Amino acid sequence: EAQVTQNPRYLITVTGKKLTVTCSQNMNHEYMSWYRQDPGLGLRQIYYSMNVEVTDKGDVPEGYKVSRKEKRNFPLILESPSPNQTSLYFCASSLTGFLNQPQHFGDGTRLSIL
Amino acid sequence: QKEVEQNSGPLSVPEGAIASLNCTYSDRGSQSFFWYRQYSGKSPELIMFIYSNGDKEDGRFTAQLNKASQYVSLLIRDSQPSDSATYLCAVTFPPSGNTPLVFGKGTRLSVIA
């Protein structure tokens with residue numbers, strides 16, 4: 001089954017404790033992206049990757065890191081999480097990064113930073 | 001400034017009626033337009049995409065695009081209670097080669113049985 005898989009689905013942690021949210025897709029998609037969704041602010045892009053070893057900032061990259069060493073994986077790293085990073089996070093992928101490709105979303109990761 | 005505007009709602013329609021959801025965007029050069037449905041606590045799910053002016057129909061859903069007026073709409077015919085969700089409009093902005101896909105904040109639709 002074609003899917004985008006995120007782990008963990010839920011996480012409660014404390015300020016400053018490094019964490020990684022994994023994202024994996026099995027569709028051989030070139031393009032992958034991370035979003036956060038907050039009430040009243042909608043979905044905002046954090047980082048995206050057009051292909052292996054190619055990443056770039058989205059609209060809200062501060063406090064996050066990403067890497068793309070393999071085509072299928074695109075982990076989101078919070079080196080020193082803070083309470084303002086409490087949010088619902090979605091990973092998405094599409095066949096390519098060209099403008100007309102619809103994105104497929106993972107099930108989301110709800111992070112709470114205390 | 002990349003902006004995608006949607007009325008937050010809630011938009012309430014009776015079961016069986018037509019629901020009309022609207023979206024405006026800020027850049028005349030935008031080329032690709034998507035509608036996603038998102039149930040509470042779930043991930044966005046693609047409903048339709050449209051690239052050319054005019055109407056595109058898929059089952060009970062019709063997307064309408066007017067690039068001159070910079071708006072895109074989604075019509076849901078014969079609305080069902082299961083259509084109750086938040087509908088996200090997403091638009092790509094130039095320059096090409098990079099994403100960027102910008103989402104509106106969504107319109108909450110409530111279909112009343």
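Each chain carries its own residue numbering, running from 1 in the direction its sequence is written. All chains are assigned letters beginning at A, and all ligands numbers beginning at 1, according to the order in which they are written. Side-chain atom pairs in this predicted model are given and counted only at pLDDT of 80 or more, local residue features only at pLDDT of at least 70, and totals for whole chains, interfaces and linings cover all residues. The basis for every side-chain value is the complete set of heavy atoms in the structure, and neither hydrogens nor water enter the calculation.

1. Description of the pairing of strand E4 (residues 33–38) of chain B
Put simply, side chains in a regular strand alternate between the two faces of the sheet. All names here are of chain B. Applied cut-off: Only protein chains enter the calculation, and the probe is 1.4 Å; a residue is then buried if its accessible area is under 20% of its type maximum, exposed if over 50%, and partly exposed in between. Runs of H or I in DSSP of at least four residues are treated as helices and runs of E of at least two as strands, each being numbered from the N terminus. Criterion used throughout: strands pair if DSSP finds at least two bridges between them.
The element E4 is largely enclosed, with a buried count of 6 among its 6 residues. Burial of E4 is two-sided: the residues Phe33, Trp35 and Arg37 facing one way and the residues Phe34, Tyr36 and Gln38 facing the other way are all buried. Pairing of E4 with strand E5 (residues 45–50), which is carried by 5 bridges, proceeds in the antiparallel orientation. Among the inter-strand pairings, Trp35 is bridged to a residue of E5, identified as Met48. Between E4 and E5, which pair antiparallel one after the other, the connecting turn spans 6 residues, and Gly41 there sits at a positive phi close to 80°. Two elements, E4 and strand E9 (residues 85–92), share 6 bridges in a ladder whose sense is antiparallel. Bridge assignment links Arg37 to a residue of E9, and that residue is Tyr87.

2. Looking at a nonpolar patch on the surface
All names here are of chain A. Put simply, the rule is: A residue counts toward a patch only above 30% relative accessible area and without a salt bridge, and it is joined to like-charged neighbours within 9 Å or, for Val, Leu, Ile, Met, Phe, Trp and Tyr, to nonpolar neighbours within 5 Å. Using a 1.4 Å probe, accessible areas were evaluated by the Shrake-Rupley method; residue-level cover was limited to the displayed protein chains. Take a side-chain nitrogen of Lys or Arg and a carboxyl oxygen of Asp or Glu: if they are within 4 Å of each other, that pair is a salt bridge.
Judged by side-chain polarity, Ile12, Val14 and Leu114 come together as a nonpolar surface patch covering roughly 330 Å² of accessible area. Locating Val14 in the fold gives a position in the loop between strand E2 (10–13) and strand E3 (19–25). Its relative accessible area of 45% is what places Val14 among the partly exposed residues.

3. A word on the packing of aromatic side chains
Convention followed: Pairing of aromatic side chains requires ring centres within 6.5 Å, counting the rings of Phe and Tyr and the six-membered ring of Trp. Pairs whose planes differ by under 30 degrees are stacked, by over 60 edge-to-face, and all others tilted. Whether a charge lies above a ring is judged from NZ of Lys or CZ of Arg, which has to be within 6 Å of the ring centre and within 35 degrees of the ring normal.
Enumeration over the complete set of coordinates arrives at 12 aromatic pairs over all chains. Both rings, one in A:Tyr35 and one in A:Phe105, keep their centres 5.7 Å apart while their planes meet at 40°; by these two values the pair is tilted. Here A:Tyr35, found in strand E4 (residues 31–38), pairs with A:Phe105, found in strand E10 (residues 104–105); they are 70 residues apart in sequence, far enough to count as distant. Using a relative accessible area of 0% as the deciding quantity, one classes A:Tyr35 as buried. Classification of A:Phe105 as buried rests on a relative accessible area of 10%. An angle of 45° between the planes, with centres 6.4 Å apart, marks the rings of B:Phe34 and B:Phe49 as tilted. Of this pair, B:Phe34 sits in strand E4 while B:Phe49 sits in strand E5, placing them 15 residues apart in sequence. The exposure class assigned to B:Phe34 is buried, which follows from its relative accessible area of 1%. With relative accessibility at 26%, the residue B:Phe49 sits in the partly exposed group. Over the aromatic face of B:Phe49 sits the side chain of B:Lys56, whose NZ or CZ is 3.7 Å from the ring centroid. Geometry around B:Phe61 places B:Arg60 over its ring, the cationic atom sitting 5.5 Å from the centre.

4. Concerning the sheet that holds strand E1 (residues 4–7) of chain A
Residue and element names in this part refer to chain A. Spatially, E1-E3-E8-E7 is the arrangement adopted by the 4 strands of the open sheet, whose pairing is antiparallel. Taken across any chain shown, the strands that pair with only one partner, and hence form the sheet edges, are E1 and strand E7 (65–66). Here 2 bridges tie E7 to strand E8 (residues 76–78), and the two strands are oriented antiparallel to one another. Bridge pairing links Val66 to Leu76 in E8.

5. Remarks on the state of the cysteines
All names here are of chain B. Inclusion rule: Only a pair of cysteine sulfur atoms within 2.5 Å qualifies as a disulfide here.
This model, assessed by the stated rule, comprises 2 disulfides over all chains. Through a disulfide, Cys23 is tied to Cys89; the S-S separation comes to 2.1 Å. When the S-S torsion is -70°, as for the bridge of Cys23 with Cys89, the disulfide is left-handed. Taken together, the positions of Cys23 in strand E3 (residues 19–25) and Cys89 in strand E9 put the pair 66 residues apart, joining distant regions of the chain. A residue is classified by how much of its surface remains accessible, and Cys23, at 1% relative accessible area, is buried. Cys89 sits in the buried class, given a relative accessible area of 0%.

That's the geometry; what it means functionally is another story.
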